[in-house]
Structures are given as structure tokens and as C-alpha cells.
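Here is how the chains run, residue by residue.
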Amino acid sequence: MADKENNSKVVNPHDKVFREVYSDKDNAQSLLADKLPDKVLKLMDLNTLEISKDTFIEKELADYYSDILYKVNLTGGSRGLVYVLFEHKSYYDRYVHLQLLEYMVKIWRLYIKQHKKQPDYLPIVIPLLVCHGRKEWPEDTERLTSLLSGPVDELAGYIPDFGFELYDLLRYSDDQIKGTIMSRVVLLLLKHIRDPDLRQKLPDILALLKTLMEKKTGLQWLEVVIRYLTSVRDEDDLSAKKIVEIAEQAISKETGEYVMTLLEKLRDEGRLEGEERGEIKGLKEAVELGITLKFPGDIDTVMAEVNKIDNLDTLIKITKAIKSAKDISEIMALL
């Protein structure tokens, strides 16, 4: 199975399905209820759970991180509120603390910005990290101090120490994975997605969706699952035909027919996406040639900006502008 463990320009399919499922309040609530310590849950009113639409990561990194943030009120009239930051990793990241710390600082800065009067206090941020690496996450690495060397205890007053709640799926049996149906489905898929016997596990996982098919959202969630499977599957191990057969076996014949139609749609989407990528590449080459012939001294400056553009209409406008442009400023105005 393909596992995007680096910052390639492809959306990480594991992050994508995680984000889709846990942007749903019911799924997020069930995960928190199952995985946060009892002493923490007692302080929270999960009925007030509300997703925050603000993002705390840079746009150019948005394809690589889950970035799901919820806010929840405290119980018993306690002052303030708590933010819960959902994060996901498909591999062990030794320095995840630094990523989480950056998010936390951005959350606090935005919180200050959103209040006309400076708040007396900042909300507490609880990071919840779900991991499904090839090996278990190492023990006792949840605190920032696990990265530091030297007299940590003596210098504790100078260290911004914090921890995160770790949900390492490899540490749990399938029966121990709880929550809403969709939460269980995605966690089981994440856990077994690299298993050689995924094909044997899949019928039981998809069978969980049978109850959801009776609801309006059932087909939407099924599409999320199928899109994920097609983005990471190995054709030799899990062909489109086999996915349809498993869907029929696990849910119903009608579901299998729907999956077959969906897979055809996804295949067409992939073909169109490939054609568009080819057009974009061709237009960029045309721009490079035009600038080289007309404004050779500015080629590096122009192409540095052009290579950031993935919009067909914009690239077409640039190629047309090159023909009539008398000065490089006319081109730069479009970038």
C-alpha cells in the first residue's frame, strides 16, 4: 500500500479520510468519550462540543495535516473553555511535539485576536493524536521533555513542557476499538490498511456500514470509504471487482451495484485529472518558451511564480499575454 510519509504534492489519503470522518461532531464526540482519561472527561460538557472553522496551518501545508479543532465548555460552571486538537499520523514522528506546539501557539494568538478586549486567560489546548504506523509508537514519548537532554528537572521552569493523548491503533485489538459506526470503520481501516490480509478483514469492516445504509447519510459515508480504499489499494491485492464483491457480500447486492457505479466515476475522474495535469504542464512549457524568446533576462523570476500556478485559465491568460506584451511588467501583473 502506498503511504505518503513525506511532503509530496499529493494529498495524504490517510489524513484526508481522517479529516472527513472526524469533522463530523458525532464521530469526534465518540472518539473523545472513548479515549480521553476519565478525570479529563469529568471536566468537559461534551454536549457543547463545537468544531472550530479556523485553521492553524499554512495553506501550502494544508494537504499534509489533519488540522481538526473542537472547542468544548467546562462542566459545573467552571471558567473558560477547552480546545481539543485532533491530529493523525500514519508513521512515528519523533518531533510531532513541535508541530503540535506551533498549532497551540496559533490557536492562542487567534483567540486573543478574536477578543476586542484582551482576555484575562487563554484556553487550555488538549492534543489528541491518532496513529497507525507500521510499528507501535515508542513508550514514554508523549511529553516534550522526552526530546530534551541535560538537567531537565533543574531547568524545568524554562521548558514549555506539555503532553498529548496518544491513541496508537496497533496497541488495541479490533474489539477494543469503540465509537460510532463510522468512527469504528475508519479506525479499523487505518489499522489494517497495510495488512497483507486486508481483503479478509474488509468484509467484517464494511458489514458495520449495513446499519448506516438505512440513513440518508449512509451512501455519503460509503463513498468516503470507497474513495479511501481506491486511493491506497494495491490493484493486485484488492481490485475494483473484488471491492464490489465484498460490498455485495457484506451489505447488499444494491450496495455492490452502487459501488460499481462509483468506481467507474472515480476512474473517469482520475482520467480527467490526468488530462488536466498534462494540459497544465504543456502550458507551463509554452510560457517558459515564450519568456525565453521575448524576455530572456527575466526567465528565472517569471518561472519561479508560474510553477506555483495550477489553474488552467490563469496559465492560458499568461500565454496569450506574452504574445502582445511590450514589457515584462505586463506578465508579472498576472502572477
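Residues numbered from 1 in each chain as written. Predicted model: local features only at pLDDT ≥ 70, side-chain atom pairs only at ≥ 80, totals over all residues. Heavy atoms only, no water.

Enquirer: I tried to follow the pairing of strand β4 (residues 124–131) on my own but got confused; where do I start?
Expert: Put simply, side chains in a regular strand alternate between the two faces of the sheet. Burial within β4 is extensive, with seven of its eight residues counted as buried. Pairing analysis gives eight bridges linking strand β3 (residues 81–89) to β4, with the strands arranged parallel. Each residue of the ladder has a partner; that of histidine 88, found in β4, is valine 130. Handedness of the crossover joining β3 and β4 through helix α4 (residues 96–113) is recorded here as right-handed. Across four bridges, β4 lies against strand β5 (residues 165–168) in parallel orientation. Paired with leucine 129 across the two strands is leucine 166, which belongs to β5. (Buried < 20%, exposed > 50% of the residue type's maximum accessible area, 1.4 Å probe, protein only. Helix = DSSP H or I, 4+ residues; strand = E, 2+ residues; numbered from the N terminus. Pairing = 2+ DSSP bridges. Right-handed = clockwise from strand over helix to strand, strands pointing away.)

Enquirer: Looking at this structure, I do not really get the packing of helix α1 (residues 13–22) against helix α5 (residues 181–192). What am I missing?
Expert: When two helices pack together, their arrangement is given by the angle between their axes and by how far apart the axes lie. Contact geometry for α1 and α5: axes closest at 10 Å, N-to-C directions at 165°. Taken together, the axes of α1 and α5 lie roughly antiparallel to each other. In the packing of α1 onto α5, the handedness of the crossing is left-handed. Residue-level inspection shows His14, Val17, Phe18, Val21 and Tyr22 of α1 in contact with α5, the latter providing Met182, Ser183, Val186, Leu187 and Leu190. Taken together, the residues of the contact of α1 with α5 break down into eight nonpolar, two polar and no charged. (Axes fitted to C-alpha atoms, helices over the stretch in contact; angles between N-to-C directions. Parallel < 35°, antiparallel > 145°, perpendicular 65-115°, else oblique. Left-handed = near helix turned anticlockwise from the far one by under 90°. Contact = heavy atoms within 4.5 Å. Nonpolar A, V, L, I, M, F, W, Y, C, P; charged D, E, K, R; others polar.)

Enquirer: Teacher, can you tell me more about the layout of surface pockets here?
Expert: Rolled over the atoms, a probe as big as a water molecule pinpoints where empty space is left. Considered as a void within the structure, the second largest pocket measures approximately 470 Å³ in volume. Lining the second largest pocket are 23 residues, with Leu74, Leu81, Val82, Pro123 and Ile124 positioned closest to its centre. Residue assignment for the lining of the second largest pocket shows that the elements contributing at least two residues are α3 (38–41), β3 and β4. Considering only residue class, the lining of the second largest pocket consists of 17 nonpolar, two polar and four charged. (1 Å grid on protein atoms, 1.4 Å probe; cavity = no way out; pocket = protein on both sides within 12 Å on 5 of 7 lines; lining within 4 Å. Points joined across faces, edges and corners; volume = space filled by probe spheres on them.)

Enquirer: Quick question: what am I supposed to make of the sheet that holds strand β1 (residues 50–52) here?
Expert: Pairing between sheet strands relies on hydrogen bonds along the backbone, with the strands arranged either parallel or antiparallel. In space, the five strands of this open sheet follow the order β1-β2-β3-β4-β5, with mixed pairing throughout. The strands lining the two open edges of the sheet, one partner per strand, are β1 and β5. Sheet twist, expressed as the mean angle between neighbouring strand axes with direction ignored, is 25°. Relative to strand β2 (residues 68–73), β1 runs antiparallel, the two sharing three bridges. By the bridge assignment, serine 52 is partnered in β2 with leucine 69. Across the sheet, α4 touches β2, β3 and β4, and the angle it forms with β3 is around 145°.

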